[in-house]
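Breakdown of the fold
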Amino acid sequence: MAGAGISTSAGIPDFRSPGSGLYDNLQKYNLPDPQAIFSIDFFKESPEPFFELARELFPGQFKPTPCHYFIKMLDDKGLLLRHYTQNIDTLERVSGLNGDKIVEAHGTFHTSHCLACGKEYCLDWMKNEVFKGGVPKCDVEGCEGVVKPDIVFFGEALPKRFFDCVKKDMMECDLLIIMGTSLVVQPFASLTSRVPDTTPRLYINREKSPPMDPFMDLLMGGGSDFNADKEGNYRDVFWEGSCDDGAQALATLLGWGEELKTTVKTEQARIDKETKDSSAAKKS
Ligand code: CNA
Ligand code: ZN
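Residues numbered from 1 in each chain as written. Chains lettered and ligands numbered in written order. Predicted model: local features only at pLDDT ≥ 70, side-chain atom pairs only at ≥ 80, totals over all residues. Heavy atoms only, no water.

Side note on the coordination of the zinc ion (ligand 2)
In this structure, Cys-114 (SG), Cys-117 (SG), Cys-138 (SG) and Cys-143 (SG) serve as the protein donors to the zinc ion (ligand 2), at separations of 2.3 to 2.4 Å. Cys-138 sits in the buried class, given a relative accessible area of 5%. (Donors = N, O, S within 2.8 Å, 3.2 Å for Na, K, Ca; no water. Buried < 20%, exposed > 50% of the residue type's maximum accessible area, 1.4 Å probe, protein only.)

Below is the structure:
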């Protein structure tokens, strides 16, 4: 299970890190509250701030991190059952991890839809529109609907694939690794409690998850029950630090330390070269 913290070292801010997180840096948009930028009701009235932010964060401008390559390595070694991500930056896909192994719980920028007529648009179309500036509008004659990337906003349902996979995967999971998430967004956070009681859970993060709000707990029917500090704990481990360091430490324990370092170097150099070649091709 992963969150925005696995991508911060790529240069993409998370939501809640004090100072650097998006919620502390949205003043220029004059929002009623920071979460409004990802709220579907607010978006329907004022889509401009979201598209302005999308320009800054658009996928394709960032490289996967060592942590992403560690996840890919787990799959290469035949150990990855599934990667559940809250991220919408597509970096898992860029690292080469097969789409079958990924559950994009909060959707993706890969596709977009017109909110009025439902017409689907591809990533390149959206990219073009976002960088043109303004709000992307449907090109169906007479429609003029706003086209929204298929990322899940607050107030929207999670993709069906999330619920389908959870049903199959969670009881089969024999080690749950949780990385770079504050474990506060539901229903994602409550996945921690869906694995068997005998499944060890390793949480790699810069800080511990804040305690669950008792009201939300009641409303959601239980949040994340991860708690390495609780008395009688026999299976939860909290590893405090960066996701990249945690992933590297784990890889080293598994005897893959050097392999991971080499993969990161080679893959990042390959992406740099591809980016350089494609911008040279565009210029010529
Ligand atoms: P969050 O609530 O912002 O929490 C991030 C967590 O990661 C915090 O606990 C941080 O302390 C921790 N963290 C940050 N950087 C690191 C690091 N380098 N190493 C270790 N820990 C770190 O984000 P969540 O993912 O928990 O919240 C869910 C939201 C955030 C989802 O709806 C996402 O769509 C959304 N989001 C995604 C992205 C992205 O796609 N990269 C970016 C920003 C927000
Ligand atoms: Zn339309």
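Remarks on the sheet that holds strand E6 (residues 176–179)
Spatially, the 3 strands line up as an open sheet ordered E6-E7-E8, and their pairing is parallel. Both outer strands of the open sheet, E6 and strand E8 (236–240), are each paired with one neighbouring strand and no more. Across the sheet, the axes of successive neighbouring strands diverge by a mean angle of 15°, strand direction being ignored. Pairing of E6 with strand E7 (residues 201–205) involves 4 bridges; the strand directions are parallel. Within E7, the position partnered with Ile-177 by the bridge is Leu-202. Strands E6, E7 and E8 of the sheet are contacted by helix H8 (residues 243–253), whose axis makes an angle of about 135° with E7. (Pairing = 2+ DSSP bridges. Helix = DSSP H or I, 4+ residues; strand = E, 2+ residues; numbered from the N terminus. Axes fitted to C-alpha atoms, helices over the stretch in contact; angles between N-to-C directions. Contact = heavy atoms within 4.5 Å.)

Concerning the environment of Asp-14
For Asp-14, the position within the fold is in the segment before helix H1 (40–45). What makes Asp-14 buried here is its relative accessible area of 12%. Among all residues touching Asp-14, those that are not within four sequence positions of it are Ala-4, Thr-8, Gly-21 and Leu-22. A polar contact is formed between the side chain of Asp-14 and the side chain of Ser-17, at a distance of 2.6 Å. (Polar contact = N/O pair within 3.5 Å; in protein donor to acceptor, adjacent residues only side chain to side chain.)

Topic: the sheet that holds strand E4 (residues 120–122)
Spatial strand order, E4-E3-E5: 3 strands in an open sheet with antiparallel pairing. Each edge of the open sheet is held by one strand with a lone partner, namely E4 and strand E5 (147–151). Across this sheet, the average inter-strand angle for adjacent strands is 40°, counted without regard to direction. The pairing of strand E3 (residues 107–114) with E4 spans 3 bridges and is antiparallel. Opposite Ser-112, over in E4, you have Tyr-121 as the bridge partner. Sheet contacts for helix H2 (residues 48–57): E3 and E5; angle to E5, the most-contacted strand, approximately 60°.

Concerning unusual backbone geometry
Note the cis peptide between Gln-186 and Pro-187, where omega equals 5°. Summarising the element assignment, Pro-187 is placed in the loop between E6 and E7. Of note, the phi angle at Thr-90 is positive, near 60°, even though the residue is not glycine. Structurally, Thr-90 is set in the loop between strand E1 (83–85) and helix H4 (91–94). Positive phi outside glycine occurs at Glu-144, with the angle close to 65°. Considering the arrangement of structural elements, one finds Glu-144 in the loop between helix H5 (123–132) and E5. Its relative accessible area of 56% is what places Glu-144 among the exposed residues.

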